[in-house]
Amino acid sequence: MRILAIARNTFRENIRDKILYNLILFALIMILSSVALGQLTLGHEDKVIVDLGLTSISVFGTLIAIFIGISLVHKEIEKRTVHALLAKPVHRAEFIAGKFLGLLFTLFINTAIMTAGLILTLMWHGGAGLQGYLRLLPAVYLIFLSLSLTTALALLFSTFSTPALSALFTFFLWVIGHFNYDLREFGRLTKSGALQSLCTTLYYLLPNFANFELIGSQNVIQGAAYYRPIDAAAVGWVSVYGALYGAILLGIAAAVFSRRDFK
Amino acid sequence: MPAIEIKGLTKDFLVGFWKKHPVRALDNLDLSVEKGEVFGFLGPNGAGKTTTLKILMSLLRPTSGSARILGEPIDVVSMHARIGYLPENPYFYDYLTARELLTYVGRLFGIRQPALNRKVSQLLENVGLGQSGGIQLRKFSKGMIQRVGIAQALVNDPEVVFLDEPMSGLDPLGRREVRQVVASLKSRGVTVFFSSHILPDVEALCDRVAIMNRGRLQATGALNEILKVRIEGHEVILTGAGPRTIEALSGMCDQITALGERLVLRAGNSAQVAAIVECALSGGADLLSVIPIRPSLEDYFFEEITGTGL
């Protein structure tokens, strides 16, 4: 009940924030402009539209997750709204969970709007039909999982850091998280045992965003562009990974937040 | 069982680049507030009032010592369902309307519709915001925010209410309304713990007070007792006195000042005041007020700090 009340208020805060609409508008413009770009590629118009559309959903979703996520908790502390709130019968972990769920729901609505924009663009262009469009959904789902993890990261940093530093840390880990497999390969190739251990540790420790982009050896967005099906079992495992890693991040965020003094 | 029980509460803030130097904001505070009392927590800025309140609200962790509210340790979250808190210089979500904020707070206490709607409307009326419930808080004045702050502290019908500088930012009308709210809480048996540095508000409302200075408890008890208030004189204000009356009065008082149509007379003792009043009224003047002249809280602290004593 309390978590849902906080989530609902966070969602209301997000939808009354102008930055959100700017980013959604940019994303929809990008998706629409893919039609024009598609004209440059004979016979592959749909592929370009799907490629650009899903990339837009991913990029703008990540921007929303980072820019709103980093200020979620910090703004409450900075403006001291948290003082009246935490004097109520609210556990600090409930506060963190509520903030996370609120932004997650915002991202869900955004992703749904952008996906609807993409499908409408494809329908307008006359593409693969309903079956084809439905095959986009697993890719959208994986993008949403990636956004959830980015939100949890941003939220964790926002419990103890300034928005600027939180943005930097989140972006830094988001970039590294896309090159996790390379980090492990680098460890394997090196002759130094210490470096190898370090790379292996980092590989398991850092969030692996590449998991949400590569299912088997297939790039999810590329596969979706050709309306190829995605291995459901692999998607399931990635979901478990995302849920576990996200829960750990939120647990750390709650622990850090619980130890904070509010002067 | 006291409503609030504080034992040896101490808070050190670590300052400096490496946060290694402790600065004591609150030093070994012992305090007890009985149920149904309106308790004034006084002190100049930096006395440790807000630090104490924040510890009681679990916003700060004490360095040592403990506190209980309604018999429960302060870190028991469920206990917070029985208390209300108005922070100092409150700030609330400015994208919400007053009604939305109170509804949100009500939900945190598990109050369900339609009782919540009724409660919110009643609270908005009580704090004089019945017509402004649908306006976003970003358009509210400081005084209106303070009123919303008081309303959100009362959503759950608390047994103990903590008000940190509730008169801050309010105009005379607003201050009067807050005094009425506190008086109404007292009549319902609610314990009110009220921090302030404005003596008249405290005098008007509180049964007992504690005076803090530099993180330490200086004194606790009834205000007159602990300020060891002596009446230094009286100020009698009159209007409509004729020249003869003025001449007669000037021989009866220590000092006489004309302020427009008003006469301000200073008298040393009660007998002198009685004689002045009698003379003025028989001479056709109107009596506006008789005010005892006492040292202010600021005087008290100044004298305590400089060591001159009262």
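If you're wondering where the values come from, they're calculated on a predicted model, not measured in any experiment.

What counts and what doesn't
- Residues numbered from 1 in each chain as written.
- Chains lettered and ligands numbered in written order.
- Predicted model: local features only at pLDDT ≥ 70, side-chain atom pairs only at ≥ 80, totals over all residues.
- Helix = DSSP H or I, 4+ residues; strand = E, 2+ residues; numbered from the N terminus.
- Rg over C-alpha atoms; globule rule 2.2 N^0.38 Å.
- Buried ≥ 20, exposed ≤ 12 C-beta atoms within 10 Å, placed from the backbone.
- Contact = placed C-beta atoms within 7 Å.
- Expected span 1.5 Å × (residues − 1).
- Bend = angle between axes of the 7 residues up to and from the residue.
- Pairing = 2+ DSSP bridges.
- Axes fitted to C-alpha atoms, helices over the stretch in contact; angles between N-to-C directions.
- Nonpolar A, V, L, I, M, F, W, Y, C, P; charged D, E, K, R; others polar.

1. A few points about the overall build of chain A
Then comes step 1: Within chain A one finds 12 helices and two strands.
Then comes step 2: Going residue by residue from the N terminus, the α and β elements of chain A occur as α-α-α-α-α-α-α-α-α-α-β-β-α-α.
Then comes step 3: Computed over C-alpha atoms, the radius of gyration of chain A comes to 20 Å, within 12% of the 18 Å expected from 2.2 N^0.38 for 263 residues, which places it in the range of a compact globule.
Then comes step 4: With the principal axes as the frame, chain A shows a C-alpha extent of 65 × 55 × 30 Å.
Then comes step 5: Burial statistics for chain A: of 263 residues in total, 44% are counted as buried.
Then comes step 6: Of all intrachain contacts in chain A linking residues separated by at least 6 positions in sequence, the fraction that spans at least 24 positions is 80%.

2. A short note on helix α3 (residues 45-78) of chain A
Two residues of an α-helix separated by three or four positions point the same way, owing to the 3.6 residues in each turn.
All names here are of chain A.
Then comes step 1: For α3, with 34 residues, the first-to-last C-alpha span of 48 Å sits near the 50 Å given by 1.5 Å per residue.
Then comes step 2: L72 marks the point of greatest bend in α3, at about 40 degrees.
Then comes step 3: Burial within α3 is extensive, with 24 of its 34 residues counted as buried.
Then comes step 4: In the segment just after α3, R80 is the residue with positive phi, at about 65 degrees.

3. Some words on the sheet that holds strand β10 (residues 216-221) of chain B
Residue and element names in this part refer to chain B.
Then comes step 1: In spatial order, the strands read β6-β7-β8-β3-β9-β10; together these six strands make up an open sheet with mixed pairing. A single partner strand is all that each edge strand has here, and the edge strands are β6 (83-86) and β10. Averaged over all neighbouring strand pairs, the angle between strand axes comes to 15 degrees, with direction disregarded.
Then comes step 2: Note: strand β3 (residues 38-42) against strand β9 (residues 208-213), four bridges, orientation parallel. Paired with F41 across the strands is A210, a residue of β9.

4. Here we look at the interface of chain B and chain A
Then comes step 1: Facing the 24 residues of chain B at the interface are 19 residues of chain A.
Then comes step 2: In terms of residue count, helix α2 (residues 98-108) of chain B provides more of the side of chain B that touches chain A than any other element does, four residues in total.
Then comes step 3: Across the side of chain B that touches chain A, the residue classes break down as 16 nonpolar, five polar and three charged.

5. Topic: the environment of A:V175
Then comes step 1: In this fold, A:V175 is placed in helix α8 (residues 163-178).
Then comes step 2: Taking the C-alpha atoms as reference points, A:V175 and A:N208, 33 residues apart in sequence, are found 9.8 Å from one another.

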